[in-house]
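# Structural features, examined
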Amino acid sequence: MKSQSLAKAMLSIMILSIIASVTAQPSSFTADKYRVTAYQKGNNQVVSVSNEVEIVPAAVLYFPNAFTPNGDGLNDSFGGVGEGITEYTLQIFDRWGNLLFVSNDINTQWDGSYKNEIAPTGVYVFKVQAKGPGANGKSKKLIHKAGSVTLAI
């Protein structure tokens, strides 16, 4: 009887002394895989290894509020920056509502030109519609944004 109680107590102490370490194993741009490996405290022997879990972050999309297409290599174009975007449409309008630029590729940004000339310094309106994974990839996340951007030369 006492030996069973002692064994349970030792097992409880051993379980409490296990240290879990989490190591990330990136598998792609939009998802990471994680596995928990537990070690006994004071001993480098592996006690337990969990199943691998894949975490898919929700899509995110950001836009700057100004850019300077002057060829200096800094902020020379305007467009979205994000992760997990699978569909993307960006439209740029002038103050009178004229459509100046359209892109269906997040990597194709507006260089500040219209009809092969640099557009005048000023404020322009942008609208974007994008899609990507929702939380943990279980749904689609729809992103609708509208805002303004200042073109400064």
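Right above here is the structure, for reference.
Residues numbered from 1 in each chain as written. Predicted model: local features only at pLDDT ≥ 70, side-chain atom pairs only at ≥ 80, totals over all residues. Heavy atoms only, no water.

A separate point is the sheet that holds strand 8 (residues 87-93). Across the sheet, 5 strands lie side by side as 6-13-12-8-9; this open sheet has mixed pairing. One side of each edge strand has no neighbouring strand; the edge strands of this open sheet are strand 6 (66-67) and strand 9 (99-103). (Pairing = 2+ DSSP bridges. Helix = DSSP H or I, 4+ residues; strand = E, 2+ residues; numbered from the N terminus.)

Turning our attention to the packing of aromatic side chains. Scanning all chains against the criterion turns up 6 aromatic pairs. Relative to Phe78, the ring of Phe67 has its centre 5.9 Å away and its plane inclined at 35°; by these criteria the two rings are tilted. On the criterion of sequence distance, the pair formed by Phe67 in strand 6 and Phe78 in the loop between strand 6 and strand 7 (81-83) is long-range, its members being 11 residues apart. The exposure classification of Phe67 matches that of Phe78, with both residues buried. (Phe/Tyr/Trp six-rings, centres within 6.5 Å; stacked < 30°, edge-to-face > 60°. Buried < 20%, exposed > 50% of the residue type's maximum accessible area, 1.4 Å probe, protein only.)

With that settled, the discussion passes to the pattern of salt bridges. Oppositely charged side chains can pair when the atoms bearing their charge come close. For the coordinates displayed, the defined rule picks out 2 salt bridges. Two residues, Lys33 and Glu52, come together in a salt bridge whose shortest N-O distance is 3.8 Å. In this pair, Lys33 sits in strand 2 (residues 32-40) while Glu52 sits in the loop between strand 3 (46-49) and strand 4 (53-55), placing the two residues 19 residues apart along the sequence. What makes Lys33 partly exposed here is its relative accessible area of 27%. The class for Glu52 is partly exposed, based on a relative accessible area of 37%. (Salt bridge = Lys/Arg side-chain N within 4 Å of Asp/Glu carboxyl O.)

A few words on the side chain of Ser103. Tracing the backbone through its elements, the reader meets Ser103 in strand 9. Judged by its relative accessible area of 3%, Ser103 is buried. There is a polar contact of 2.9 Å between the side chain of Ser103 and the backbone oxygen of Thr108. Leave out the neighbours within four places in its chain, and Ser103 touches Tyr88, Thr89, Leu90 and Thr108. (Polar contact = N/O pair within 3.5 Å; in protein donor to acceptor, adjacent residues only side chain to side chain. Contact = heavy atoms within 4.5 Å.)

Examined against the element boundaries, Leu151 turns out to sit in strand 13 (residues 140-151). Taking C-alpha positions, Leu151 is 5.2 Å from Thr121, a pair spaced 30 residues apart along the chain. Leaving out residues up to four positions away in the same chain, Leu151 has contacts with Phe67, Pro69, Trp110, Gly112, Ala119, Pro120, Thr121, Gly122 and Tyr124.

Turning our attention to the nonpolar core. Generally speaking, nonpolar side chains in soluble globular proteins are found buried as a group. Counting 21 residues, the largest nonpolar core has Leu61, Tyr88, Leu90 and Trp110 as its most contacted members. Contributions of two or more residues to this core are made by strand 8, strand 9, strand 12 (122-133) and strand 13. With 4 residues, strand 12 is the largest single contributor of residues to this core. If we skip the residues at most four places from it in the chain, Tyr88 touches Leu61, Phe63, Gly79, Gly80, Ser103, Asn104, Asp105, Ile106, Val128, Gln129 and Ala130. (Core = buried A, V, L, I, M, F, W, Y, C linked by side-chain atoms within 4.5 Å.)

So, about unusual backbone geometry. Not every positive phi belongs to a glycine, and Asn75 is a case in point at roughly 55°. For Asn75, the location among the structural elements is in the loop between strand 6 and strand 7.

Sheet topology places strand 8 next to strand 12; 7 bridges connect them, and they run antiparallel. Directly across from Gln91, in strand 12, lies its bridge partner Lys127. Connecting strand 8 to the antiparallel partner strand 9 that follows it, the hairpin turn spans 5 residues, and Gly97 within it adopts a positive phi of roughly 90°.

Its place among the elements puts Val56 in the loop between strand 4 and strand 5 (60-62). Under the relative-accessibility criterion, Val56 is labelled buried at 15%.

Below, the discussion takes up the environment of Gln129. As for its position among the elements, Gln129 is in strand 12. With relative accessibility at 48%, the residue Gln129 sits in the partly exposed group. Here the alpha-carbon distance between Gln129 and Ala146, two residues 17 residues apart in the chain, equals 9.0 Å. If near-sequence neighbours (up to four positions away) are discounted, Gln129 is found in contact with Glu87, Tyr88, Thr89, Ile143 and His144.

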